[in-house]
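One letter stands for each residue in the lines below.
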Amino acid sequence: MISKRLSRSTLPAFACALVNFVAAQGLILAGVTWPARTISAPGTLIVVHLLVIGWLSLLMLGALFQFVPVITCRPLPSQPLAFATVAILEAGLAGMVCGFIGFGGGSRELAIALPSGGAVVIVGVLLGCWNIGVPLIRSRPLPLPGRMILSGLIFLILTVTLGLSFALALTVAPLRPYLAPLMSGVGDHAIAGLGGWFTLTAMGVGYKLLPMFMLAPEERGITGECVHVLGAAGFALATGAGVARIWLTAEPLRIAQWTGYVAIGLAVTLYLWDIVRIYRTRRRALIEVHNRAVSGAFGFLGIATMLAAVFLATGHPAVGSPLVVFLLIFGWLTGLALTQLYKIVPFLTWLSRYGSHLGRGGVVPRVQDLVRERRGRRWFALYFLGVLLGAVSVLLRSGLAFRFDFALVTISTLGLITEYWRAWRGHYARPPNSRPDAPPFLPDPRGSP
Amino acid sequence: MGDGSALNREHVLDALHEVIDPELGSNIVDLGLVYELEVEGGLVKITMTMTTPGCPAQDYILSGVHERSKSLPGVTDVEVSLVWLPAWAPRLMTPAAKAHFGVRD
C-alpha cells in the first residue's frame, strides 16, 4: 500500500536539487566565480541560477508538493504534473546555462537558449504554482503558513517574469530598446526572489514545522499576522517601487521603496523574535539535531538583515550586497534547507519503505533510527563554520581565503548528502529497544521498491 | 493472549504498543493517541486521533492499528474511527512518554 498522502515527486525533486547544488559549489571551488565578482559575468550568472533555480527553487517546490497537502488536508490536483514541473524546470535551467555560456562566448546561436530556457522555466513555475496554489486557494480557512506560501508563489511568478525580461533584453536585439532599462533592476529581481519567494515561503513553512517538531503552540496570533503582512507588503513595495524608479524619478517612489525596506526589517525582526518564543514555549525539552542546527540558519538571517540595514543606511548597498546575498543563500536559506532535509528525507523514507509494514508482525524503525545524529551534528557545525568564515573572506575581499573557507561548506554538504543517502538506504536502521519482547526486525529495506 | 484467555481491552492496548508514530518515535498508546477502546465479543472499536491533521503517516498508522488488532486471536472485526476533537496535546502522553521527550507539564 502506498499512502495517497505521500508525494512521489518530492524525493526526485530533492535529488535533482542536490545535484545542482553540488554542481554550483564545484564551479565556485574551481574559481569560476565568487560573491565579490560582478553579477553580469557569465560564470556568475550560471552559478547564481544553479543555486536559485536548480537548488533552492526545485527544493522548495518539491517540499511544498508534500507540505501543502499536510496544511490544507487536500491532495495536489495532479501528481504527474508535479513530476513534470521538476523535469521542465531542469530542462529550462539547462537551456539558461547554455544561453549564459553562449552569451559569454559571443555565440548568438547559443545565447538564444537563454530566453528559451527562461520561458521553459516560467512554464515549469506556472505548473508548479497551479498544483500548489489550488489546494491553498480552496482551503478555508487557510492557516497562516498557507497564506505565507501563497504570497511566496506570487513573488515567484514576479521573479521569473522579471528574469525573462532580462534574458530578452540581453539576447533579442529588437526588444533591447524597450527592455534594456530593466537591467538596472537586478537588485529588485533579487529582492523579489530571495525575499518574497524564498524567505516568505520559508518563514511560512517554519511556522508549521517548528511547533510541530518541538510540540510548541502552533497559533502565532497577531505576531504571525504582522510578519506576513509586513513581509509581503515590504517585499512588494521594495520591488515594485524599485522597478518603477527605473523609469520615474518621483520622490514618493523613493519613499515607498524605503518604506518597503523598513517593513522587511520589521517583519524579519518580529519573525526571529517569534521563533525564539517557539523554542522557549516548546513542550519537548529534548529536541532533535535538525531543530538545534536550524538555529544557525535563523542567526544568519538576522545577521544578513542587520548588515543590509547598515549598508543601506550608510549609502553603500552595492558594496554590501555580495556579502548579504551570500549570507542569505548559504547561511539562511541553504542552512534551513540542509537542516530540515535531515528530518524530511528520513521521514519520506519511512513513508516509502516502512509505513506499509506497520502493525503487520514486525517492528519498524522510527524516523530517528534512520539517522546518526552525532554525525549530522558535526557536519552542521562544519557547514555553518564554513559559511561564517566565507562571509568574513567576502567582507575582506579575499578570493583565495574564500575558496578555502568554501571548501568547508562543500565538504560538509557532501557529508550531509551522504547521510541523506544512508537514511534512504536504511544504512542505520535498527530495531528500537523499547520492547524487549519485540518481534524480529524487518528484512533489509534495500530489497523494497 | 494465546493462552486461551478471553479477549479484553488490555490485550488490544498491549498489542497497539507495537504501532508507532514514526515522527515522534513513540507508540500510539503512550503518546495518548488512543482515545477510546471497546471490545464487544470479537469486535474491537477504537477511537483515536493523530498528533496533527493532515499527517502524512496517517494512512499507515490507521492501517497498522487495524491490522495489529485484527491479528489478535478472537478478533473478528475492527472498527477504527479517526477524530480531531479533542485535539491531541502533549499532556495526553503517559508519564513514561513525557519523561522520554522531556515534556514539561
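Residues numbered from 1 in each chain as written. Chains lettered and ligands numbered in written order. Predicted model: local features only at pLDDT ≥ 70, side-chain atom pairs only at ≥ 80, totals over all residues. Heavy atoms only, no water.

Colleague: Explain the overall build of chain A here, please?
Modeller: Check the secondary structure of chain A and you find 14 helices and 0 strands. Going residue by residue from the N terminus, the α and β elements of chain A occur as α-α-α-α-α-α-α-α-α-α-α-α-α-α. Computed over the C-alpha atoms, the radius of gyration of chain A is 22 Å, within 12% of the 22 Å expected from 2.2 N^0.38 for a compact globule of 449 residues. Dimensions of chain A, computed from C-alpha atoms along their principal axes, come out at roughly 75 × 50 × 45 Å. Across chain A, the fraction of contacts at a sequence separation of at least 24, relative to all contacts at a separation of at least 6, is 78%. As displayed, chain A offers around 18000 Å² of accessible surface, 70% of which is attributable to carbon and sulfur atoms. Distance between charge centres in chain A, computed from 36 positive and 15 negative side chains, equals 3 Å. (Helix = DSSP H or I, 4+ residues; strand = E, 2+ residues; numbered from the N terminus. Rg over C-alpha atoms; globule rule 2.2 N^0.38 Å. Contact = heavy atoms within 4.5 Å. Areas by Shrake-Rupley, 256 points an atom, 1.4 Å probe, with all protein chains shown as cover. Lys, Arg positive; Asp, Glu negative; His and termini not counted. Charge placed at Lys NZ, Arg CZ, Asp CG, Glu CD.)

Colleague: Looking at this structure, how should I read the pairing of strand β3 (residues 34-40) of chain B?
Modeller: Regular strands show a simple pattern: their side chains alternate between the two faces of the sheet. The pairing of β3(B) with strand β4 (residues 43-48) of chain B spans 6 bridges and is antiparallel. Within β4(B), the residue paired with B:Val34 across the bridge is B:Met48. (Pairing = 2+ DSSP bridges.)

Colleague: Please clarify how the packing of aromatic side chains should be interpreted in this entry.
Modeller: We describe a pair of aromatic rings using the distance from one ring centre to the other and the angle between the two ring planes. Residues and elements named next belong to chain A. For the coordinates displayed, the defined rule picks out 17 aromatic pairs over all chains. Ring plane angle 25 degrees and centroid distance 5.5 Å describe the contact between Phe-402 and Phe-406, whose orientation is recorded as stacked. Of the two residues, Phe-402 and Phe-406 are both situated in helix α14 (residues 399-425); the distance of 4 residues between them amounts to about one turn of the helix. By relative accessible area, Phe-402 is classed as buried at 1%. An aromatic cluster of at least three residues, connected via ring pairs, comprises Phe-21, Trp-34, Trp-55, Phe-326, Phe-330, Phe-402 and Phe-406. (Phe/Tyr/Trp six-rings, centres within 6.5 Å; stacked < 30°, edge-to-face > 60°. Buried < 20%, exposed > 50% of the residue type's maximum accessible area, 1.4 Å probe, protein only.)

Colleague: How should I be thinking about the environment of A:Ile132 in this particular structure?
Modeller: All names here are of chain A. Tracing the backbone shows Ile-132 in helix α5 (residues 113-138). When its relative accessible area of 0% is taken as the criterion, Ile-132 is described as buried. Taking the C-alpha atoms as reference points, Ile-132 and Val-32, 100 residues apart in sequence, are found 35 Å from one another. Excluding residues within four positions of it along the chain, Ile-132 makes contact with Leu-61, Leu-64, Phe-65, Val-68, Leu-76, Ile-149 and Leu-153.

Colleague: Please explain the pattern of salt bridges as it appears in this structure.
Modeller: Any two side chains of opposite charge can pair, given that their charged atoms come close. This model, assessed by the stated rule, comprises 13 salt bridges over all chains. One salt bridge in this structure joins A:Arg292 and A:Glu373, with 3.8 Å as the shortest N-O distance. Remark: A:Glu373 occurs in helix α13 (residues 373-395) and A:Arg292 occurs in helix α11 (residues 289-313); sequence separation between them is 81 residues. The residue B:Glu40 makes a salt bridge to B:Lys45 at a minimum N-O spacing of 3.7 Å. With relative accessibility at 40%, the residue B:Glu40 sits in the partly exposed group. Using a relative accessible area of 28% as the deciding quantity, one classes B:Lys45 as partly exposed. (Salt bridge = Lys/Arg side-chain N within 4 Å of Asp/Glu carboxyl O.)

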